[in-house]
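# Descriptive structure summary
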Amino acid sequence: MKKIVLIILIMATVLTSCTDFELGDLGFDIKPIGSYVAFANAGGTVTPIVRNISESTTAVQNLRIECATGTLSDITVTYSFSGSAVFGTDFSVVTPGGSATAAGGTILLKRKTDPDGVNDFDFVNLGVQALTDGVADGDKTLVITLVSAVNADGKEFSVGRGAEGGTIYLRTATINIEDVD
Ligand SMILES: [Ca+2]
Ligand SMILES: [Ca+2]
């Protein structure tokens, strides 16, 4: 019995002498890895995304939006439209899982549930399709800008890639739509 009491005493001494181990106390400058949502190129380069198509291009332009750092719940991504191209006249958005109006829209970036793929980040494709109008209306430009990204847990992600105060990459994607009339 005495032995057990002694062991408990020793354990209690060891446990109380333990304090939280803080790397910061050792002089390390700890910064959390910024988590972001951004447009993505194949291969992960930060080259600006510019697509040149014509009004008669029927292929959907799939613009990949990713959360490379991963997310614990689905992210609602809000984007805006700018440029001379008019929603519903020059282009439409065909991606399910979101909605769009003349000003922009939202899309759901679903959390990856298959953990197998090495390069299989959480991502979604925003599908944009050109519309023919039969009118000589000139070439148009569509710029899609990521405005905000927040997941179901309320975590906000920065939009675009890059350090705060520096150049932000891949926050926008541009589609140039050539008039065919
Ligand atoms: Ca047009
Ligand atoms: Ca036209």
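Residues numbered from 1 in each chain as written. Chains lettered and ligands numbered in written order. Predicted model: local features only at pLDDT ≥ 70, side-chain atom pairs only at ≥ 80, totals over all residues. Heavy atoms only, no water.

Turning next to the overall build of the chain. Across its full length, the chain carries one helix and eleven strands. Counted from the first residue to the last, the chain has its helices and strands arranged as α-β-β-β-β-β-β-β-β-β-β-β. The buried share of the chain, taken over its 181 residues, is 29%. Considering only residue pairs separated by 6 or more positions, the chain has 78% of its internal contacts joining residues 24 or more positions apart. Of the roughly 11,000 Å² of accessible surface on the chain, a fraction of 58% belongs to carbon and sulfur atoms. (Helix = DSSP H or I, 4+ residues; strand = E, 2+ residues; numbered from the N terminus. Buried < 20%, exposed > 50% of the residue type's maximum accessible area, 1.4 Å probe, protein only. Contact = heavy atoms within 4.5 Å. Areas by Shrake-Rupley, 256 points an atom, 1.4 Å probe, with all protein chains shown as cover.)

So, on to the coordination of the calcium ion (ligand 1). Around the calcium ion (ligand 1), the donor atoms from the protein are Glu 55 (OE), Asp 90 (OD), Asp 133 (OD) and Asp 137 (OD), and they sit 2.2 to 2.3 Å away. The sequence pattern formed by the donor residues of the calcium ion (ligand 1) is E-x34-D-x42-D-x3-D. A relative accessible area of 22% means that Asp 133 is categorised as partly exposed. (Donors = N, O, S within 2.8 Å, 3.2 Å for Na, K, Ca; no water.)

Moving on: the environment of Thr 71. Mapping Thr 71 onto the fold places it in the loop between strand S3 (61-67) and strand S4 (75-82). Sequence separation of Thr 71 and Tyr 36 is 35 residues, and the distance between their C-alpha atoms is 9.7 Å. Residues within four places of Thr 71 in sequence aside, it is in contact with Arg 111, Asp 122, Asn 151 and Phe 157. Side-chain polar atoms of Thr 71 contact the side chain of Asn 151, separated by 3.3 Å. (Polar contact = N/O pair within 3.5 Å; in protein donor to acceptor, adjacent residues only side chain to side chain.)

With that settled, consider the packing of aromatic side chains. Scanning the entire structure with this criterion turns up four aromatic pairs. Their ring planes at 15° and their centres at 5.9 Å tell us that Phe 81 and Phe 87 sit as a pair that is stacked. By relative accessible area, which is 11% here, Phe 81 ends up buried. On the basis of relative accessible area, Phe 87 is assigned to the partly exposed category, the value being 26%. The rings of Tyr 79, Phe 81, Phe 87 and Phe 91 are connected pair by pair, giving a single aromatic cluster. Stacked on the ring of Phe 123, the Lys or Arg Arg 64 has its end atom at 3.7 Å from the ring centre. Its guanidinium or amino end placed over the ring of Phe 157, Lys 155 lies 5.1 Å from that ring's centre, counting from NZ or CZ. (Phe/Tyr/Trp six-rings, centres within 6.5 Å; stacked < 30°, edge-to-face > 60°. Lys NZ or Arg CZ within 6 Å of the ring centre and 35° of its normal.)

Coordination of the calcium ion (ligand 2) by the protein involves Glu 55 (OE), Glu 55 (OE), Asp 133 (OD), Val 135 (O), Asp 137 (OD), Asp 179 (OD) and Asp 181 (OD), with metal-donor separations of 2.2 to 2.5 Å. The sequence pattern describing where the donors of the calcium ion (ligand 2) fall on their chain is E-x77-D-x1-V-x1-D-x41-D-x1-D. The distance between the calcium ion (ligand 2) and the calcium ion (ligand 1) comes to 3.8 Å, and Glu 55 binds to both of them. Of this pair, Glu 55 sits in the loop between strand S2 (49-54) and S3 while Asp 133 sits in the loop between strand S8 (122-130) and strand S9 (140-151), and the two are 78 residues apart along the sequence.

As a further point, take the confidence of the model for the chain. The predicted model of the chain has a mean per-residue pLDDT of 85, with 77% of residues at 70 or higher. In this model residues 12-18 is a low-confidence stretch, pLDDT under 50, and it forms zero contacts with partners more than four residues away in sequence or in other chains. (pLDDT = per-residue confidence, 0-100.)

Our next topic: the side chain of Ser 92. Examined against the element boundaries, Ser 92 turns out to sit in strand S5 (residues 91-93). Classification of Ser 92 as buried rests on a relative accessible area of 18%. Sequence-distant contacts of Ser 92, that is, excluding residues within four places in its chain, are made with Phe 87, Gly 127, Val 128, Gln 129 and Leu 131.

What the rule picks out here adds up to four salt bridges. Note that Arg 64 and Glu 66 form a salt bridge whose closest N and O atoms lie 3.9 Å from each other. Looking at Arg 64, the relative accessible area reads 23%, which means it is partly exposed. In this structure, Asp 137 and Lys 140 form a salt bridge, with 3.3 Å as the shortest nitrogen-oxygen distance. For Lys 140, a relative accessible area of 14% puts it in the buried group. Here the salt bridges share partners, and the residues they tie into one network are Asp 90, Asp 137 and Lys 140. (Salt bridge = Lys/Arg side-chain N within 4 Å of Asp/Glu carboxyl O.)

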